[in-house]
Amino acid sequence: ADLSSTYYDTTCPMLYSIVYRVINDAYITDPRIAANLIRLHFHDCFVQGCDGSVLLNNTDTIQSEQDAAPNVNSLRGLDVVNNIKTAVEDSCPETVSCADILAIAAEVGSVLGGGPSWSVLLGRRDSLTANRTLAETNLPAPHFTLYQLKQNFAAQGLNTSDLVSLSGAHTFGQAHCKNFIYRLYNFNYTGSADPTLNSTYLKALSEICPVDATEDNLADLDLITPNQFDNKYYSNLQYQNGLLQSDQELFSSSDADTTGLVNSFSSDQSVFFENFVVSMIKMGSISVLTEDEGEIRLQCNLVNEDSSGLVGVASKAPKQKLAA
Ligand code: HEM
Ligand SMILES: [Ca+2]
Ligand SMILES: [Ca+2]
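Remember, it's a predicted structure, so these values are computed and weren't measured experimentally.

Peer 1: Any chance you could explain the overall build of the protein here in plain terms?
Peer 2: Looking only at helices and strands, the protein has 13 helices and two strands in total. For the protein, whose C-alpha radius of gyration is 20 Å, the value lies close to the compact-globule estimate of 20 Å for 324 residues. A principal-axis box enclosing the C-alpha atoms of the protein has dimensions of 65 × 40 × 35 Å. For the protein, buried positions account for 51% of its 324 residues. Within the protein, contacts between residues separated by at least 24 positions form 73% of all contacts whose residues are at least 6 apart in sequence. In the structure as shown, the protein presents an accessible area of about 14,100 Å², 51% of it carried by carbon and sulfur atoms. A gap of 2 Å separates the mean positions of the 18 positive and 38 negative side-chain charges of the protein.

What follows is the structure, encoded as structure tokens:
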């Protein structure tokens, strides 16, 4: 069945305001949470669809996607998702999926950053499985060329325009040095910096990430407005101030048919916002589970019942008994 914006209108009318309140509380002390939550939804949707698989922890039967290379030491916001789930279960027990919570949280992240709001389509159900190998394979890498990025998005049913608009989420949040340090000192084994990196920006980045940078150092993805959801990401690219290679490729790749889109998003923020919303809704619909597929998890990090018959949340009855 199709997703619907009114899916929980009768079963959980306060859903949006509950999700908003929990995120807003976290945002006051940690504005980066807005970026963390958008990224979680993306990393969920690209791995067996938007089914909450990214939230599952390691167990005897689950290999957590959180340990896949693109996620390890890099996913934030999982605790806030659990806080949201607890608050939602309080008001609407056993009703709202974790996959839907991620989709709403992504929209709230955009809104809190000053970005667009949209009516989130709902009705996803949660997976019974995770797939770490698929997380390694499907999530795009920061060193990808434009060609690789297009292939990677096409595999999810997303086109070049989606690639450019969704990359605009790098208008906020941060990245670890290890994801771009190779651009600073020995790009493609040339012994020098990536030629598509602005020399002033290169100097600034070299201070954040010296050759022997420790793994924990972070740089803002958007050097102009690091916490604001706006279109500065695209003007940065025009000045060769993209942090990741995968960002700068959208403007600087020799065969970039994406340059025109970058220019139009840079010159008109409302055009960027409109396209971002369309692409987020498209991404949020990738391979969703609906109706009797999957389950409504009681705890986002655990399936309700594992193969050994143990219940995910001790205080709740297993799914089979509820249905009986
Ligand atoms: C186009 C291919 C993409 C690549 C190669 C990519 C890669 C990355 C990398 C390497 C980081 C830094 C991770 C770290 O160092 O901890 C990052 C951060 C981030 N990405 Fe992407 N990303 C892509 C697309 C997207 C999309 C489609 C979204 C959302 C719609 C997104 C949202 C974010 C956000 C918000 C952050 C900052 C997170 C934080 O501050 O914790 N990215 N991305
Ligand atoms: Ca998933
Ligand atoms: Ca920004």
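Peer 1: What exactly am I supposed to notice about the site of ligand 1 here?
Peer 2: The full set close to ligand 1 counts 27 residues, and Arg32, Asn36, His170, His176 and Asn179 are the nearest of them. In this structure, arginine 32 approaches ligand 1 through a side-chain N or O atom, which is 2.7 Å from an oxygen atom. Here a nitrogen atom of ligand 1 sits 2.8 Å away from a polar atom, N or O, in the side chain of histidine 170. For the shell around ligand 1, the secondary-structure elements that each account for two or more residues are helix 2 (33-45), helix 6 (146-154), helix 7 (160-167) and strand 1 (174-176). With five residues, helix 2 is the largest single contributor of residues to the shell around ligand 1. Of the residues that constitute the shell around ligand 1, the class distribution is 16 nonpolar, nine polar and two charged.

Peer 1: Even after reading the chapter, I still don't get the environment of asparagine 58, so can you show me in this structure?
Peer 2: Mapped onto the elements of the fold, asparagine 58 is located in the loop between helix 2 and helix 3 (78-91). Those residues within four positions of asparagine 58 in sequence are excluded, and the remaining contacts are Gln63, Ser64, Asp67 and Arg132. A polar contact of 2.7 Å, which involves the side chain of asparagine 58, links it to the side chain of aspartate 67. Within polar-contact distance, the side chain of asparagine 58 engages the side chain of arginine 132 at 3.0 Å.

Peer 1: Got a minute to help me understand the UniProt feature "domain: Plant heme peroxidase family profile" (unreviewed entry) in the protein in this structure?
Peer 2: Here, the residues flagged by UniProt with the feature "domain: Plant heme peroxidase family profile" (unreviewed entry) are residues 2-304. When the span residues 2-304 is considered, its composition is 43% helix and 2% strand, and the gap between its end C-alpha atoms is 24 Å.

Peer 1: Just to check I follow, could you spell out the packing of aromatic side chains for this structure?
Peer 2: Describing an aromatic ring pair means giving the distance of the ring centres and the angle of the ring planes. In this structure the tally under the stated criterion is 16 aromatic pairs. Taking the centre distance of 6.2 Å and the plane angle of 25 degrees together, the rings of tyrosine 182 and phenylalanine 187 count as stacked. Measuring from centroid to centroid gives 5.9 Å for phenylalanine 265 and phenylalanine 272, while their planes differ by 45 degrees, and the two rings are tilted. On the accessibility criterion, phenylalanine 272 (0% relative accessible area) is buried. Taken together, the ring pairs connect Trp118, Phe172, Phe229, Tyr233, Tyr234, Phe265, Phe272, Phe273 and Phe276 into an aromatic cluster.

About the criteria used
Along every chain, residues carry numbers that run from 1 in the direction the sequence is written. Ligands are numbered from 1 and chains lettered from A, in the order in which they are written. A pLDDT threshold of at least 70 governs which residues receive local features in this predicted model, and a stricter bar of 80 or more applies before side-chain atom pairs are shown or counted, although totals over entire chains, interfaces and linings include all residues. Remark: hydrogens and water are excluded; side-chain values derive from all non-hydrogen atoms of the structure. A helix here means a DSSP run of H or I that spans at least four residues, while a strand means a run of E at least two residues long, and both kinds are numbered starting from the N terminus. All radius of gyration figures rest on C-alpha atoms, and the globule criterion is 2.2 Å times the number of residues raised to 0.38. Remark: exposure states derive from per-residue accessible area (1.4 Å probe, protein chains only) relative to the maximum for the residue type, with buried under 20%, exposed over 50%, and partly exposed in between. Contact criterion: two residues are considered in contact whenever any of their non-hydrogen atoms come within 4.5 Å of each other. Using the Shrake-Rupley algorithm and a 1.4 Å probe, accessible areas are obtained, with residue cover drawn only from the displayed protein chains. Residues counted as positive are Lys and Arg, residues counted as negative are Asp and Glu, and His and the chain ends are not counted. Working definition for charges: the position is that of NZ of Lys, CZ of Arg, CG of Asp or CD of Glu. Being near a molecule or strand, for a residue, comes down to having at least one heavy atom within 4 Å of it. A 3.5 Å cut-off defines polar contacts: any pair of N or O atoms within that distance qualifies, except that in protein one atom must be a possible hydrogen donor and the other a possible acceptor, and neighbouring residues in sequence count only when both atoms are side-chain atoms. Charged means Asp, Glu, Lys or Arg here, nonpolar means Ala, Val, Leu, Ile, Met, Phe, Trp, Tyr, Cys or Pro, and polar covers whatever is left, Gly included. UniProt positions are given in the numbering used here, feature names are shortened, and annotations may be inferred rather than shown by experiment. Centres within 6.5 Å are what make two rings of Phe, Tyr or Trp a pair, Trp counting through its six-membered ring; a difference in plane orientation under 30 degrees is then read as stacked, over 60 as edge-to-face, and the rest as tilted.

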